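The chain contents come next:
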Amino acid sequence: MFDSMATAAETKLAIMFAGIAVVLLTGVVFGRIARSLRQPIVIGEITAGIVLGPSLLGLFPGDLSQRLFPADVRPLLSAVSQVGLILFMFMVGWEFEKRLIRPHVGLAAAVSLTSVALSFGLGALSAVVLYQNHDVVDGRHISFTAFATFMGAAMSVTAFPVLARILSDNKLTDTRVGTLALASAAIDDVLAWCMLAYVSALVTSGGDTGDLIVIMVRSVVYVALMFVVVRPLLAAVTWRFAGREHWRTLLLILSAGALLSAWATTWIGIHAIFGAFLFGFVTPREPSHLLVEHVRKPLEQISLVLLPVFFIVTGLGVDIGGLAGTQYLELGLILLVACAGKLLGAVVPARVSGMAWREAVTLGLLMNTRGLTELIILNAAVSLGVLDGQIFTMMVIMALFTTALAGPLLPRGQAVEALRPEPRPVASGSQTTRPADRTLG
């Protein structure tokens, strides 16, 4: 009996290994296709996950999707993807730089708060229409407050990591609109994680006011401990091991810390990704060049391998063929609300501040990208039992659409150069010349 059980376990692992191999190779193919279409690689990898799920592969005879990713193997894939996700969220928190916000703190706060407030309001308003058809998940009734709060939070997010890549690919990183978009997106993400933490607490408490208060008190204590105790402790540990060049030890300590922080927030009653993000946020960033070379880059390589598994787990939950006529109307509403909230929420304060229309619209398009961050929030909502399969499918399509929209609409060539700030004139004797003029002359 033991031998047969061992064989069954080994068979599951073997199938999982084959599935991961297919995921990685398919992700490479679709990632290259996405790059050729001026889209970030993440678009191709998410599409690969959907293609390998019931939306396409599952339509072929023989149920190929189920054969490749059997139901009893999917929990293993999910576990692998969660490790990659926790490490990725740790990196997102670690790479959050307050220095991005300081030069544009006033306008970035205005853009972020306006876009978040409008997107949240429209998302919560759309929940009034959507809730009546999606208020039961796996036989369990979902409160309107939890559903509406989640819809608002999901509409409010901007994908900071994907946005950084889009700016780099389109040579917008050193423009005013690019730096402003990064600063605003950074504030957006922090607000989104806080809202998700509240939704997690609300769902975990089951709507019981006493349990909700306990979770919120635990959360406040946890955040305080992270800043008062863990942050200085991490600073001491980082400098100690960095000074001795014990990089492998430091890498293991930080990875273990991120996983333990994720466990702590799960125990508290809020989602694990919040713990990983906050642990990264309090992790020291100095000595920066050494940490980037010996710690961040190895972690990025690990995430590069594990995150595509997260995409396939997401794709397996997307069933476009399962949408009926009325659901396509709901999808249209979701797309309209998502784009209107971010575009208007960013363009209006940008114009009021004096930005030109071209810059303001570019900023709106950038703030409308949701990408991987949206998928993380959607998967968190599914694990909490807030979303049914149909809403999940529609929201994933929205994440893809809003992210892909930026590529073909962003300025190119001379239009990008027009967005760059004018070089400051440099006095030279009795004449005033620009740095570019001196180089040419």
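What counts and how
- Residues numbered from 1 in each chain as written.
- Predicted model: local features only at pLDDT ≥ 70, side-chain atom pairs only at ≥ 80, totals over all residues.
- Heavy atoms only, no water.
- Helix = DSSP H or I, 4+ residues; strand = E, 2+ residues; numbered from the N terminus.
- Contact = heavy atoms within 4.5 Å.
- Areas by Shrake-Rupley, 256 points an atom, 1.4 Å probe, with all protein chains shown as cover.
- Core = buried A, V, L, I, M, F, W, Y, C linked by side-chain atoms within 4.5 Å.
- Buried < 20%, exposed > 50% of the residue type's maximum accessible area, 1.4 Å probe, protein only.
- Axes fitted to C-alpha atoms, helices over the stretch in contact; angles between N-to-C directions.
- Parallel < 35°, antiparallel > 145°, perpendicular 65-115°, else oblique.
- Salt bridge = Lys/Arg side-chain N within 4 Å of Asp/Glu carboxyl O.
- Polar contact = N/O pair within 3.5 Å; in protein donor to acceptor, adjacent residues only side chain to side chain.
- pLDDT = per-residue confidence, 0-100.
- Nonpolar A, V, L, I, M, F, W, Y, C, P; charged D, E, K, R; others polar.
- Phe/Tyr/Trp six-rings, centres within 6.5 Å; stacked < 30°, edge-to-face > 60°.

## What to know about the overall build of the chain
(1) Moving on: Looking only at helices and strands, the chain has 19 helices and four strands in total.
(2) Moving on: Counting only contacts in the chain whose residues sit at least 6 apart along the sequence, the fraction spanning at least 24 positions is 80%.
(3) Moving on: With an accessible surface of roughly 20100 Å², the chain has 67% of that area assigned to carbon and sulfur atoms.

## A few points about the nonpolar core
(1) Moving on: The biggest cluster of nonpolar side chains holds 119 residues, and the ones touching the most others in it are F150 and L363.
(2) Moving on: Excluding residues within four positions of it along the chain, F150 makes contact with V199, I377, L378, A381, V386 and L387.

## Thoughts on the packing of helix α8 (residues 160-169) against helix α9 (residues 176-205)
(1) Moving on: Direction vectors running N to C along α8 and α9 enclose 170°, while the axes themselves pass 9 Å from each other. It follows from the interaxial angle that α8 and α9 lie roughly antiparallel. Listed contacts from α9 to F160, P161, L163, A164 and L167 of α8 are G178, A181, L182, A185, A186 and D189.

## Here we look at the pattern of salt bridges
(1) Moving on: With the rule as written, the count across this model stands at four salt bridges.
(2) Moving on: Here R176 ties to E359 by a salt bridge, and the two come within 2.8 Å at their closest N and O atoms. Of this pair, R176 sits in helix α9 while E359 sits in helix α15 (residues 357-367), and the two are 183 residues apart along the sequence.
(3) Moving on: Here E374 makes a salt bridge to R370, at a shortest N to O gap of 4.0 Å. For the residue pair E374 and R370, the accessibility class agrees, reading buried in each case.

## A closer look at the side chain of T362
(1) Moving on: Checked against the element boundaries, T362 lands in helix α15.
(2) Moving on: At 2.8 Å, the side chain of T362 forms a polar contact with the backbone oxygen of R358.

## Overview of the side chain of S81
(1) Moving on: Structurally, S81 is set in helix α4 (residues 74-95).
(2) Moving on: Given a relative accessible area of 0%, S81 falls into the buried group.
(3) Moving on: Only 2.7 Å separates the side chain of S81 from the backbone oxygen of S78, close enough to count as a polar contact.

## Focus: the environment of V23
(1) Moving on: Looking at the element boundaries, V23 is found in helix α1 (residues 2-36).
(2) Moving on: Separated by 25 residues in the primary sequence, V23 and A48 have C-alpha atoms spaced 7.6 Å apart.
(3) Moving on: Look past the residues within four positions of V23 in its chain and what remains in contact with it is L52, F69, P308, V309 and I312.

## Description of the environment of S65
(1) Moving on: Here S65 is to be found in helix α3 (residues 64-68).
(2) Moving on: Using a relative accessible area of 2% as the deciding quantity, one classes S65 as buried.
(3) Moving on: The spatial distance from the C-alpha of S65 to the C-alpha of G53 is 5.7 Å, given a sequence separation of twelve residues.
(4) Moving on: Aside from chain neighbours lying at most four places away, what touches S65 is L52, G53, P54, L57, G58, R74 and L316.
(5) Moving on: Within the local environment of S65, its side chain forms a polar contact with the backbone oxygen of L52, the two atoms lying 3.0 Å apart.

## Describing the confidence of the model for the chain
(1) Moving on: The predicted model of the chain averages 82 in pLDDT, with 89% of residues at 70 or higher.
(2) Moving on: Across the chain, helix α14 (residues 325-352) holds the top mean pLDDT of 93, while helix α19 (residues 435-440) sits lowest at 32.
(3) Moving on: Overall, residues 422-441 carries pLDDT values under 50, and its contacts beyond four positions in sequence, including any with other chains, amount to 13 contacts.

## Concerning the packing of α4 against helix α11 (residues 247-268)
(1) Moving on: Here α4 crosses α11 at 105°, and the two axes come no closer than 10 Å. If you check the angle between α4 and α11, you find them roughly perpendicular. Counting all contacts with α4, which are made through I86, L87, F90 and W94, the residues of α11 involved are L254, S255, A258, L259 and A262.
(2) Moving on: Residues belonging to the contact of α4 with α11 are distributed by class as follows: eight nonpolar, one polar and no charged.

## Concerning the environment of S200
(1) Moving on: For S200, the location among the structural elements is in helix α9.
(2) Moving on: For the pair S200 and F150, spaced 50 residues apart in sequence, the C-alpha to C-alpha distance is 9.3 Å.

## Examining the packing of aromatic side chains
(1) Moving on: What the rule picks out here adds up to six aromatic pairs.
(2) Moving on: Judged by centre distance (5.7 Å) and plane angle (40°), the rings of F90 and F279 are tilted. Placement of F90 in helix α4 and of F279 in helix α12 (residues 272-282) is noted, with a sequence separation of 189 residues between them.
(3) Moving on: By relative accessible area, which is 0% here, F90 ends up buried.
(4) Moving on: Taking 5.2 Å as the distance between ring centres and 80° as the angle between the ring planes, the aromatic pair formed by Y131 and F144 counts as edge-to-face.

## A short note on unusual backbone geometry
(1) Moving on: A positive phi angle is found at R38, which is not glycine, with a value near 60°.
(2) Moving on: Relative to the helices and strands, R38 is located in the loop between α1 and α2 (41-51).
(3) Moving on: The phi angle at D138 is positive, at roughly 55°, despite the residue not being glycine.
(4) Moving on: Mapped onto the fold, D138 is located in the loop between β1 (136-137) and β2 (140-141).
(5) Moving on: A relative accessible area of 82% means that D138 is categorised as exposed.

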